[in-house]
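Structural description and commentary
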Amino acid sequence: MKLILVSHGPLSQALLQSAEMIVGKVAGVTALSLQSGMSPDTLQAQIEAVIKKDAADSDIVVALDLLGGTPANVTSKLLAVYPQLNVVTGMNLPMVIEFANQQLLGGRLHFDQLLSMGKDGIVDVKAQLANVDDDEDKE
């Protein structure tokens, strides 16, 4: 089970560091960054090197910062060579923590749950608090 975080700049490393601050060391995660002046081919080679470490692993997730950028375009090309990849954009901290939890609970990837945690981690706190206040007023 692998998670490859890929972003423009240091976002992927910072995301991993933040997750590890919360849950401790997370095995199987690699953070890669497209740096200013780096070619798409260099980034593709870095991603592919991580995939090839255990290419038979069918539980590989590549999490990207956004759709349409160089990391996403490069990874989309790799899907033709490695169709077992699970690729998602909009990576966030709840996704990385969910990956860590899945490893702790048996090391089997539940991709749908990973996506769900990422989506459910986006909350309008003001609206959420307003709903709590409305519920308390009804009592």
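Anyway, here's the lowdown on the structure attached to this text.

Once that is clear, we can look at the overall build of the protein chain. For the protein chain, the count of helices and strands is 6 helices and 4 strands. Along its sequence from the N terminus, the protein chain presents helices and strands in the succession β-α-β-α-β-α-β-α-α-α. Principal-axis analysis of the C-alpha atoms gives the protein chain an extent of 60 × 35 × 30 Å. In the protein chain, buried positions account for 39% of the 139 residues.

Time to look at the nonpolar core. Counting 21 residues, the largest nonpolar core has Leu3, Leu5, Val29, Val61 and Phe99 as the members making the most contacts within it. At the level of elements, strand 1 (2-8), helix 1 (11-23), strand 2 (29-34), strand 3 (60-64), helix 4 (93-104) and helix 5 (111-120) are the ones that each hand at least two residues to this core. With near-sequence residues (within four places) excluded, Leu5 lies in contact with Ser12, Leu16, Val29, Thr30, Ala31, Leu32, Ala63, Met91 and Val96. With 16 residues, the next largest nonpolar core counts Val6, Ile47, Ala72 and Leu78 among its residues.

What follows concerns the sheet that holds strand 4 (residues 86-89). The strand order across the open sheet formed by 4 strands is 2-1-3-4, and the pairing between neighbours is parallel. For this open sheet the edge positions go to strand 2 and strand 4, each flanked by a neighbour on one side alone. Geometrically, the sheet is characterised by an average inter-axis angle of 20 degrees between neighbouring strands, direction not taken into account. Judged from the 5 bridges that link them, strand 1 and strand 3 form a sheet pairing that is parallel. Bridging across to strand 3, Ile4 finds its partner in Val62. Taken strand by strand, helix 5 contacts strand 3 and strand 4, and its axis lies near 5 degrees from that of strand 4.

Glancing now at the side chain of Asn92. Counting through the fold element by element, Asn92 comes out in the loop between strand 4 and helix 4. The residues touching Asn92, leaving out its near neighbours within four places in the chain, are Leu15, Gly118 and Ile122.

Any two packed helices are characterised by how steeply their axes cross, that is the angle between the axes, and by the distance between the axes. Between helix 2 (residues 40-52) and helix 3 (residues 70-81), the shortest axis-to-axis distance is 10 Å and the interhelical angle comes to 50 degrees. When the axes of helix 2 and helix 3 are compared, the pair comes out oblique. Viewed along their axes, helix 2 and helix 3 form a crossing whose handedness is right-handed. Contacts between helix 2 and helix 3 involve Pro40, Leu43, Gln44, Ile47, Glu48 and Ile51 from the first element and Thr70, Pro71, Val74, Thr75, Lys77, Leu78 and Val81 from the second.

Interhelical geometry of helix 1 versus helix 4 gives an angle of 55 degrees and a closest axis separation of 9 Å. When the axes of helix 1 and helix 4 are compared, the pair comes out oblique. For helix 1 against helix 4, the interelement crossing comes out right-handed. On helix 4, the residues that touch Leu15, Ser18, Ala19, Ile22 and Val23 of helix 1 are Leu93, Val96, Ile97 and Ala100. The class makeup of the residues in the contact of helix 1 with helix 4 is 8 nonpolar, 1 polar and no charged.

Criteria and cut-off values
- Every chain is numbered on its own, with residues counted from 1 as its sequence reads.
- Confidence filtering applies because this is a predicted model: local features only for residues at pLDDT of at least 70, side-chain atom pairs given and counted only at 80 or more, and all residues used for totals across whole chains, interfaces and linings.
- The side-chain quantities take in all heavy atoms of the structure and omit both hydrogens and water.
- Each helix is a run of H or I in the DSSP string that is no shorter than four residues. Each strand is a run of E no shorter than two, and both are numbered from the N terminus.
- We call a residue buried when its accessible area falls under 20% of the maximum for its residue type, exposed when it is over 50%, and partly exposed in between, using a 1.4 Å probe and counting protein chains only.
- We call a set of buried residues a nonpolar core when its members are Ala, Val, Leu, Ile, Met, Phe, Trp, Tyr or Cys and they connect through side-chain atoms within 4.5 Å of each other.
- Note on definitions: a residue-residue contact is assigned when non-hydrogen atoms from the two residues lie within 4.5 Å.
- Here, strands pair whenever DSSP counts at least two bridges between them.
- For helices, the fitted line uses only the C-alpha atoms of the stretch in contact; every axis is such a line through C-alpha atoms, and the angle between N-to-C directions lies from 0 to 180 degrees.
- Angular relationships are summarised with four words: roughly parallel below 35 degrees, roughly antiparallel beyond 145, roughly perpendicular across 65 to 115, and oblique for the angles in between.
- Each crossing gets its hand from how the near helix is turned against the far one by less than a right angle, where anticlockwise is left-handed and clockwise is right-handed.
- Residues are grouped as follows: nonpolar covers Ala, Val, Leu, Ile, Met, Phe, Trp, Tyr, Cys and Pro; charged covers Asp, Glu, Lys and Arg; every other residue, Gly included, is treated as polar.

Honestly, it's all geometry; don't read function into it.
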